[in-house]
Amino acid sequence: MIKNYLVDTRTHPFQANGEFEDGYYFHIRFRNLTLFIGIYEVPVYGIQNMGAKALYTESKALSSESFSDVDAITHVSYCYKRFKMFGKGEEE
């Protein structure tokens, strides 16, 4: 499902970007106990396509301050399944 994945930072905030096998891209950020995941048609890392509009987003509060790569992959995978099932979600 996830083709590649690059962590920008593991400290507050945790941020990572990646690409799915079917060509969609994602950005994940965990800061102040809030998780944000966005799915895009174009890559949004660095300054490249920074103004890109998300096709699907999810935000939720988490109860733990710790957040790992495994947590990120798990949340992104579930988010992507909902995107594929339901299409557009909330927009950032």
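Anyway, here's the lowdown on the structure attached to this text. (Residues numbered from 1 in each chain as written. Predicted model: local features only at pLDDT ≥ 70, side-chain atom pairs only at ≥ 80, totals over all residues. Heavy atoms only, no water.)

## A look at the packing of aromatic side chains
Applying the stated criterion to the full structure yields nine aromatic pairs. Pairing Tyr24 with Phe83 gives two aromatic rings, centres 5.2 Å apart and planes at 80°, and the pair type is edge-to-face. Of this pair, Tyr24 sits in the loop between strand 2 (14-20) and strand 3 (25-31) while Phe83 sits in helix 1 (residues 69-86), and the two are 59 residues apart along the sequence. When the ring of Tyr80 is compared with that of Phe83, the centres are 5.7 Å apart and the planes differ by 35°; the resulting orientation is tilted. One end of the pair, Tyr80, and the other, Phe83, are both in helix 1, three residues apart, so they sit about a helical turn from each other. Across this residue pair, the class does not change: Tyr80 and Phe83 are buried. Following the ring pairs from residue to residue traces out a cluster consisting of Tyr5, Phe20, Tyr24, Phe26, Tyr56, Tyr80 and Phe83. (Phe/Tyr/Trp six-rings, centres within 6.5 Å; stacked < 30°, edge-to-face > 60°. Helix = DSSP H or I, 4+ residues; strand = E, 2+ residues; numbered from the N terminus. Buried < 20%, exposed > 50% of the residue type's maximum accessible area, 1.4 Å probe, protein only.)

## Topic: the pairing of strand 1 (residues 2-9)
As paired strands, strand 1 and strand 2 are joined by six bridges and run antiparallel to one another. Across the sheet, Leu6 pairs through a bridge with Asn17, a residue of strand 2. Between the antiparallel neighbours strand 1 and strand 2 lie four residues. (Pairing = 2+ DSSP bridges.)

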